[in-house]
Structures are given as structure tokens and as C-alpha cells.
Amino acid sequence: MAKWTKWILLSIGILILLLLVAAVLVPVLYKDKIEAVVKEQVNKHVNATVDWGKWDLSLFRSFPNASIAVQQIRVCNKAPFEGICLADVGELRVTIGIMSLFSDQIKIKDVALVQPFIHVKVLKDGRANWDIALPDSTQAELPQQEKPAKFNVALKKYSITQGHIIYDDESLTMLLDFDQVEHTGKGDFTQDLFTLSTSTQSGKASLSYGGMKYLRNVVADAQADIDMDLPHMKFTFKENNIKVNQLELGLDGWVAMPADDIDMDLKWNMKKSDIGALLSLVPAEFASNMKGVDMSGKAAFNGYVKGTYNEKTMPGFGVTVQVDNGRFKYPDLPASVEAIFVDCNVQSPQGKDLDGMVVDLKRFALKMAGNPVEARMHLSTPISDPNVDAAIKADVDLANINKVVPLPKGDELSGKVAADVAMAGRMSDVEAKRYEKFKAQGQLALSGMNYKSDSLPYPVAIKSLVFDFSPKFLALTNFTGDIGRSDLQASGRVDNYLQWWLKDSTLTGTFDVKSNRFDLNELMGPPKPATAEKSATPADTTPMNVIEVPARINFSMAAAIKEVIYDNLHLTDAKGALHVHDQRVDLTGMGFNLFDGRIGMDGAYSTQDKAAPKFDMDLKVADVDIKKLVDGVEMVRNMAPIAKNCTGRISTTLALEGKLDPHMNPVMASLAGHGTLKTKNIALVDFKPLMEISTVLKMPQLATAKVQDVDFSYDIQDGKMITKPFDVKIDRLTANVAGSTAFEGQVIDYTMKTKVPTDMFGPEAGQLVGNLLGQMNKAIGSNAQLPKELDLTAKITGTVMKPVVKPVFAGGKDLKETVKEEVKQQLNEQIGKAKEDAIAKAREEAAKLLAAAQQQADDIKARARSEAANLKGQAYKAANDLVDQANNPIAKAAAKIAADKAKKAADDKEQQFNAEAEKRADALVDQARKQGDGLIQKAEATDTTVK
């Protein structure tokens, strides 16, 4: 029995050893495959992209615990949270009890997040980027008894090192930003009831609510013990201390999450009634270090949050801030701020929104170096119908600020602020235009203000700024000031300032703005030296950022500025209208003098998409100096590189739209538009494509030719300027040109068609033609001459600086072949004409031969008839004489018979004679006809083709 026991124990030991070896080797041998499968499964079940870098699993380093380290864990959201990563963790370290992996509960000893960046985002509609789990349809289909058991995990300790946590809730218009976070939490999570001890520090903590920053880069420290009731999900705060800068708060109460709702009953109070604790919350941008400052007075800051939070309701809360006879004075300054009184109470009951909130600022008062400021405000029903009763009075000499608060070194401030404003009433009366029921009166005036700072490259002076308040509008009665070398005068009104203040609506106004000189170069920063030789100061290479157009304003402005300076441009007599609305600026009727001409412009600039601002413009340029235009506007140099080589004047229209990059440069590929251009007295100097044409055609006079006035239209699309066909006269050439220039690399593709006067060609072509003509004229006796013009098509490609010109004449031939063909054609035409003349002459000669033969035939026939008739007459006379000479009837009868025979013989002889004459005449005519036909055939058979 003992023997079997030994074997069983040995076998179990070997099995455990094999399991341990397998546990070590399997993750090593199949690491890549395991990781790929896990990543695939994780990403399949979440609406996010999950990835991680190197990871390490160790079973021996912390035995009997297993340690896991995973680097560069990223959980990046998808639509509608593009560009946001819910978590970006430098390293995750987890320590797990090995044996707990084989039990019902996995015991996690420690979880550490190193350099995590957690970015929580909630949209206005309540959608949150932490809700990334996709629905598990397979689990819903399982029978109840087959559904997997809950995942049972126990945690001992967790920590965050060098963390950064952002909570951005658009539904509440709240932003929490905790940077440089160090946090630890310890507790026995294996128990249902235990105490969680936490320690949290943030080197930079900021809070914004409703568009206002309440805390900025404060130092926060929280030490809290929390009683954890996990079965009921209730958490009760015990001993705790929260410190924000010098403000120490005690927090008591509980938070419970038994279901979807969050119930809470929390109270806090300031532990020390020291005014310095409240003043420590003032950001350093507005107040210097308070160390060593003499302070006195009582202060209180307490509040509560009580109720239920869910999608339909918000808990009630209250906040009280009080300061009684506060005072502070810097040790090295001559004056103090004293008689500080604050009595403010905010109460909001449980409800679906904040309409039940009441803000009661009974008093805010102080004296700054003896200058009084006094204010009060009572606000109720802020959502449905704001009901406000507020007033402010102030009489402040700005020069006294430097007597009570240290200004940054080099800062100087002077001037006077006088305010006496009061308003009371309901917003519904203003919106219904019942202005008599709403009180709004008084004036805010700033005069003689001068501000200089080492941080600002120019001084700011406001000679006069006056706002007059009324229920209808806020009137800008007068503004006169200087910003550096720029002066500005303005007047106008804001029509709905009360709605903007109390109901967060769009601010609407109209203004007239005038200036004698507006120097944008000074306002935008120091000028950039053109070359190193011109300035020993390094050029400012800082890229320009997008100039954002504010939201929630709707301003219409009429502007008239005598001189505007921007970069190296000097605009004069600038006039036009601007409409600022919906994060865009519309320009209407804008015009100014520039480059010795007048430029008119309508257009718009929009930053609704801040990453890719859009613009569109309708530009009209009248008779400007082209060289000044090119030197002053970089976009013209990119769009029309030929302009850099031109002198003269142009007029143009251009409708253009496109996008800008984050540094306010046009994205050339996005440009689309069309326009026209007219020139006057244009001369081209060192224009590479024209110089190349001159070289290829051996016409040096074209390199510096004057271009007669042109008028053409063009389109801008697909990153190109596409020129429609137009006629242009260069020297003695009248050409038709069309093509495109690409903005990227200035790649060109143009076609030029023209008739080239042959006397413009160089001596090589002349010698070629002279030799050819001499040979041909000598060979065939022609008088061929060189044609006056040749048809030419030139293909111009390459780039503006390295053009490639390929001239092609009629039929696709080069210059030599074209000249030969032209001369050959001319000679063929001459020989063809000679042939036609020879044929005509042969026909004429044939006609003459035929006519002469016909005449001779007619003469032969006439003579034959005459001779035949004469012989017949003689025969008839002889026969008649024979009858007459007969003396007796018998002799007469015999004589008559003989006479008849003689007459008949004479008739036959006449016919025979005439027939022979006809035959001879016809033969003569046929011979002449054949001779003429032979002449014609010979002329027609002549070969007139020049070889």
C-alpha cells in the first residue's frame, strides 16, 4: 500500500511539474498566435479599436503570484467620437494569485496604471464614449440554465502613476481636467463591507462650467476613507480632507448606485475661515503669488448635493460663498484692496433641469486703493424665463491696479473706468418687446486707457469707449483707440445683449468701423526677413494658426479704412461690408486700391470645420500692374507662373473656392473656380517656355517678343489652371493657345497652333529650300518659290522652369520635311497647270486640223460637183446636137436612142465622180481628226508628279 502511495504522489508531482512547465512554455511558444486571437476577439465585441504593444507574463518572479505587464494599451473610439482615445495607457501591471485561477474567485493582488491618459467624452445628446460594448446576441439566445456565471474577481490594491484624466461633458457644458495624477486605493474587495483608503494628488486641475473657467491649473490633494457596501453599492465618506491650493474642504455623506440611478447626500465646508484660502484659487494669470501677502477677514465656502441623478432628473444642490471685511496687501506695494464683501448663495432643488435654481448675490464690494466697486444680482427661473435684478457701480483708476497687485515686469496700465448700470425684469418682456416693463439703464465708460507690456509688441490705447444701456439694445456710442500704429473708430449697437447674457443666445449687432491706417503686420507679429543678408535676426518660421471666427455672434459691419498694410501689400481706400455669423465672415462690396489699380471682392471665410477652413471669393481686378501683383501675392505665382516673367497691366475676374490647411495656406488640390483675364502692353522676359520655342524653331526674336493684348477665360479644378483656347499675337505670329498648369510642381501641358511666316526661319531652312527649288526648277523649267506661311502645332510640356517643346507641322512632319512637301506641292501645282495648258493647246490644235481638213473636203466636193455638172452638160449638149442633126425620123429615132444612152452615161459618170470626191474628202477629215486626237492623248499622258 505504501508503495502505491509513493507512486501516486510521484505521479501527481510529475503532473504538477508538467502543468507548470506547460504554463510557462505555452505562452512563450504560441505567444504571437494567442495575441492575434485575443486582439481579434476583443475588437469584435467593442465599438472601438483596441491595441497594445509588448507584453510579458512571469510565473516565477513573484511566485506564488503571476505578474502580467502590457505596454502601450490604446482604446480608440469610432464614430461619433473620431480622434478620441478613451484610454491610452503607457503600461498596465497586474499581479494575480496563481492558485486563485483554479478557484471560484480570481484574486488580483495589485493593478497599476502607469502614465494613463483617460479621455471621457459625453455628447450633447448624452452618448458617452465609454459605452463601447457591442450587444451580445448569442448570450440572449441561451437558456437561463446555460448562461455563463458572473465573473468573480477580488482586488486588493490599485494605483495610477503620472496620469492625465479628462472628463468633457457637453450635455452639462462641464470640463474637468486632472493632470499629473497620482492615486492609490487599498481595500479588501473580497469582503462585502470594507473600508477603501484612497490618496489622490493632481499637480494641475482645471474646472470649466457653462463656458466659464472656475479653476485653472490648481494643485489638488484628496485623502479619503470610504466605507464600501458592495451588496447595496453604497459608499460613505468617513475621515477625509480635500485641498485645492490653500483651500481645505471637509466632505461628508454618501453616494449609492443600487440600480441605474445615482442617489447622493453630500455636504462640504471650508475647514478654515481664512480669506487667503479663497484667494488661492485665483489663477496665477490674474494674481501673483500670494506668499507674504498681508490678509485679513473672514470667509466661508460650503455647500451640498442631495437627491437622485439619472437621465430625467438632477439632484438638488446649494453653494454659499461669503467674505466679511476682507483685505489683502502686497508687502512691496503702496496700497491695498480692502472692504471686500461677498455674500452669495446659490440654491437649486431636485428637478429635470436648472430652472428652479436661484442665484442670489446680495453683495459684492471692494475698494481698490480707495476706488469703489459695488455689485449685486438676483437671478431666478434662468431656463424658462430669466428674471434678473442686477446693478453695478464702479469708479476705478486703472493706474491703481499696479499699486495693489504686482503687474508683470514691463507692464504699464493707466486710464479710468466708470460704470453705473442697473437692470431688472423678465426676459419674456424683452422678447415680447414690452420694453417698458424691463429696466435697463446706465453707462459703462472707459477713457484715457494706455497699456504697454513686454509680452505685447505694440501699445494699446483706448481714448474713449462708451456703452449706453437700454432695454432694446446696448449702444456703442463711441470707440476711439489706437493699437500700435493702427487707429480705430467705431460706433453701433448690440440688439440682443440681454438674451445673450441670460439665455445663451446669439449676440446680434451692427457697427460702423473706420480707420486711417490699419497695420496687420504689426498686429500679427514681427515681420519675417526676406533674406539672411537683409536681417541678422532669424526669420520667424512659426506657422500661422487657423484664425477662428467666433460662434454665437451675428455682427454686420460697414468698414472704411484709408490704408491697410499686410505683409508687403499696401491697400488704400478699402471699403466694404462684413457679416460675421455662424462661424463665418461674409464680405460684400469690398474694394480697395492695390498695385496701381482697383480690386473688388465678394466672398466668405468659414471655420465651421476648424481643421479645414473654407473660403470662396468673387474677385474683380481692374488694370493693375502685373509685376506688383505677382510680387505681392504668392497664390498668383503658384497659379499663373507665367506672370512672374511679365511686365504690363492686367484686368481679371476670378470666382474661386477651396480649403485652407491648419496654417492658413490654401490646399491647392481643393481649389475650384473660373475666371477671365485681359492684358495690356505685356512683355515677356526670360520666360522659359517661350525661350525654348525660340530655340527649337530657330527664331531668336521670339525670346524677347512683345505680346499683344489678350483676352481669355480659364477654369481651376483638380489642382490645375486650365486655360481655354485663345488667340495671341507674339511678334509676327498669331497663335491659338490652350492647356493647363498644375499647381504642384508647375507641370505644364499646352498646345500652340499658328501659321509661321517662312521668312522668319533661320538660314538653315532657307538654304534647304534654295537647293531644292534650284534642282526642281532646272529639271522641269518651273519657277517654284518658298510658301509664305507654314501651319505649325507646338506641344509644350515639362515644367515652367524646364519646358519641353515639340513642334509638329502639317501631316506630323518636322520642319525639313514640311518645307520639302510644301515645295513639292507647289511644283506639282505648276506642272499640273502646264499639263492642263498643253491639253487645252492640243485640243485647240486638233480643232484647227479638223476644221482645215473639213474645209479642204468641202472644197474637193464642190469642185467635183462643178466638174461633174460641166461634163454632164457637155454630154447632154452633144446628145441633143446629135438628135438635132438627124434628117429623117429613123435617124432621129436612132439619134435619140444614142442620145439617151449618152445622157445616162453622163449621169452615171457624175455620180461616180461625186462619190470619189466624197471619199477623198472624208479620208482627209478622218486623218485630221486622228492627228488631233493624238495630240490630245499625248498631252494628257504627261506625268506631272514631282519625285
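Source: prediction; values computed, not measured. (Residues numbered from 1 in each chain as written. Predicted model: local features only at pLDDT ≥ 70, side-chain atom pairs only at ≥ 80, totals over all residues. Heavy atoms only, no water.)

**A closer look at the overall build of the protein**
Right, on to step 1. The number of helices and strands found in the protein is 14 helices and 40 strands.
Right, on to step 2. Counting all 947 residues of the protein, 37% fall into the buried class.
Right, on to step 3. By sequence separation, contacts in the protein at least 24 residues apart represent 54% of the contacts at least 6 residues apart.
Right, on to step 4. As displayed, the protein offers around 54700 Å² of accessible surface, 57% of which is attributable to carbon and sulfur atoms. (Helix = DSSP H or I, 4+ residues; strand = E, 2+ residues; numbered from the N terminus. Buried < 20%, exposed > 50% of the residue type's maximum accessible area, 1.4 Å probe, protein only. Contact = heavy atoms within 4.5 Å. Areas by Shrake-Rupley, 256 points an atom, 1.4 Å probe, with all protein chains shown as cover.)

**With respect to the pairing of strand E9 (residues 193-209)**
Right, on to step 1. Pairing between strand E8 (residues 174-186) and E9: 12 bridges, direction antiparallel. Bridge pairing in E9 links aspartate 179 to lysine 204.
Right, on to step 2. Between the antiparallel neighbours E8 and E9 lie six residues.
Right, on to step 3. Pairing analysis gives 14 bridges linking E9 to strand E10 (residues 212-229), with the strands arranged antiparallel. Across the sheet, phenylalanine 194 pairs through a bridge with methionine 228, a residue of E10. (Pairing = 2+ DSSP bridges.)

**Details of helix H11 (residues 688-697)**
Right, on to step 1. Restricting attention to buried positions, one finds in H11 the residues Pro689, Leu690, Ile693, Ser694 and Leu697. Taken end-on, H11 shows its buried residues confined to a sector of 145 degrees, consistent with a single buried face. (Arc of directions from axis to C-beta.)

**Side note on the state of the cysteines**
Right, on to step 1. In this structure the tally under the stated criterion is one disulfide.
Right, on to step 2. Put simply, cysteine 76 and cysteine 85 are joined by a disulfide, and their sulfur atoms are 2.0 Å apart. Disulfide cysteine 76 to cysteine 85: torsion about the S-S bond roughly 75 degrees, handedness right-handed. For the pair shown, cysteine 76 and cysteine 85 are each scored as buried. (Disulfide = S-S within 2.5 Å.)

**Looking at the side chain of aspartate 586**
Right, on to step 1. You can see aspartate 586 is positioned in strand E29 (residues 584-594).
Right, on to step 2. Of the residues examined, aspartate 586 reaches a relative accessible area of 17% and is grouped as buried.
Right, on to step 3. Within the structure, aspartate 586 has its side chain in polar contact with the side chain of histidine 581 (distance 2.7 Å).
Right, on to step 4. If near-sequence neighbours (up to four positions away) are discounted, aspartate 586 is found in contact with Ala577, Leu578, His579, His581, Gly603 and Ala604. (Polar contact = N/O pair within 3.5 Å; in protein donor to acceptor, adjacent residues only side chain to side chain.)

**Brief notes about the packing of aromatic side chains**
Right, on to step 1. This model, assessed by the stated rule, comprises seven aromatic pairs.
Right, on to step 2. Geometrically, the ring pair formed by phenylalanine 328 and tyrosine 330 is edge-to-face, given 6.4 Å between the ring centres and 80 degrees between the ring planes.
Right, on to step 3. Residue tyrosine 330 is classed as buried on the basis of its relative accessible area of 5%.
Right, on to step 4. An aromatic cluster of at least three residues, connected via ring pairs, comprises Phe712, Tyr714 and Phe726.
Right, on to step 5. Above the ring of phenylalanine 341, the side-chain terminus of arginine 363 is found at 4.4 Å from the ring centroid.
Right, on to step 6. One residue, arginine 493, lies across the ring of phenylalanine 473, its end atom 3.9 Å from the ring centre. (Phe/Tyr/Trp six-rings, centres within 6.5 Å; stacked < 30°, edge-to-face > 60°. Lys NZ or Arg CZ within 6 Å of the ring centre and 35° of its normal.)

**A short note on the nonpolar core**
Right, on to step 1. In this structure, Met423 and Tyr497 are the most contacted members of the largest nonpolar core, which totals 143 residues.
Right, on to step 2. In this structure methionine 423 touches Val388, Asp389, Ala390, Phe438, Lys439, Ala440, Phe469, Tyr497, Leu498 and Trp501, once residues within four positions along its chain are discounted.
Right, on to step 3. The next biggest cluster of nonpolar side chains, apart from the first, holds 13 residues, and it includes Trp52, Trp55, Val89 and Val120. (Core = buried A, V, L, I, M, F, W, Y, C linked by side-chain atoms within 4.5 Å.)

**Topic: the environment of alanine 399**
Right, on to step 1. One can find alanine 399 in the loop between strand E19 (387-397) and helix H5 (401-404).
Right, on to step 2. With 14 residues separating them in the primary sequence, alanine 399 and leucine 413 have C-alpha atoms 5.6 Å apart.
Right, on to step 3. Those residues in contact with alanine 399 that sit more than four places away from it in its chain are Leu413, Ser414 and Gly415.

**Let's talk about the environment of glutamine 746**
Right, on to step 1. Its place among the elements puts glutamine 746 in the loop between strand E37 (733-742) and strand E38 (748-757).
Right, on to step 2. Assessed through its relative accessible area of 14%, glutamine 746 is described here as buried.
Right, on to step 3. Along the sequence, glutamine 746 and methionine 801 sit 55 residues apart, while their C-alpha atoms lie 8.4 Å from each other.

**Side note on the pattern of salt bridges**
Right, on to step 1. Per the counting criterion, the structure on display carries 33 salt bridges.
Right, on to step 2. When the shortest N-O distance is used, the salt bridge between arginine 598 and aspartate 573 registers 3.6 Å. Remark: aspartate 573 occurs in strand E28 (residues 569-581) and arginine 598 occurs in strand E30 (residues 597-606); sequence separation between them is 25 residues.
Right, on to step 3. Judged by its relative accessible area of 31%, arginine 598 falls in the partly exposed class.
Right, on to step 4. Taking the relative accessible area as the measure of exposure, aspartate 573 reaches 33% and is therefore partly exposed.
Right, on to step 5. Lysine 724 is the partner of aspartate 715 in a salt bridge, and the nearest nitrogen-oxygen pair spans 3.8 Å. (Salt bridge = Lys/Arg side-chain N within 4 Å of Asp/Glu carboxyl O.)

**A word on the pairing of strand E18 (residues 371-380)**
Right, on to step 1. Two elements, strand E17 (residues 358-368) and E18, share eight bridges in a ladder whose sense is antiparallel. For valine 359, the partnering residue across the bridge sits in E18 and is leucine 379.
Right, on to step 2. In this antiparallel pair of consecutive strands, E17 and E18, the connection spans two residues, and alanine 369 shows a positive phi of 55 degrees.
Right, on to step 3. Of the pairings in the sheet, the one linking E18 to E19 comprises eight bridges and is antiparallel in character. Across the sheet, the residue bridging to glutamate 374 is lysine 393, located in E19.
Right, on to step 4. Hairpin connection from E18 to E19: six residues lie between these consecutive antiparallel strands, with threonine 381 at a positive phi of about 40 degrees.

**A few points about the side chain of asparagine 77**
Right, on to step 1. Tracing the backbone through its elements, the reader meets asparagine 77 in strand E3 (residues 65-77).
Right, on to step 2. Within the structure, asparagine 77 has its side chain in polar contact with the backbone nitrogen of leucine 86 (distance 3.3 Å).
Right, on to step 3. At 2.9 Å, the side chain of asparagine 77 and the backbone oxygen of asparagine 129 are in polar contact.
Right, on to step 4. Contacts of asparagine 77, omitting those with residues within four sequence positions, involve Ala48, Glu82, Ile84, Cys85, Leu86, Asn129 and Ile132.

**A closer look at the environment of glycine 448**
Right, on to step 1. By the element assignment, glycine 448 lies in strand E21 (residues 439-452).
Right, on to step 2. Considering only alpha carbons, one finds glycine 448 and serine 414, 34 residues apart in sequence, at a separation of 7.2 Å.

**As for a nonpolar patch on the surface**
Right, on to step 1. Among the surface-exposed residues, Tyr209, Met212 and Tyr214 lie close enough to one another that they form a single nonpolar patch of about 320 Å² accessible area.
Right, on to step 2. Tracing the backbone through its elements, the reader meets tyrosine 214 in strand E10.
Right, on to step 3. By relative accessible area, tyrosine 214 is classed as partly exposed at 46%. (Patch = residues over 30% accessible without salt bridge, like charges linked within 9 Å, V, L, I, M, F, W, Y side chains within 5 Å.)

**Some thoughts on unusual backbone geometry**
Right, on to step 1. Of note, the bond from alanine 79 into proline 80 is cis; its omega dihedral lies within 30 degrees of zero at 5 degrees.
Right, on to step 2. For asparagine 245, which is not glycine, the phi dihedral falls at a positive 55 degrees.
Right, on to step 3. Note on placement: asparagine 245 falls in the loop between strand E11 (234-244) and strand E12 (247-256).
Right, on to step 4. On the basis of relative accessible area, asparagine 245 is assigned to the partly exposed category, the value being 21%.
Right, on to step 5. In the Ramachandran plot, phenylalanine 595 falls in the positive-phi region, its phi being about 55 degrees despite a non-glycine side chain.

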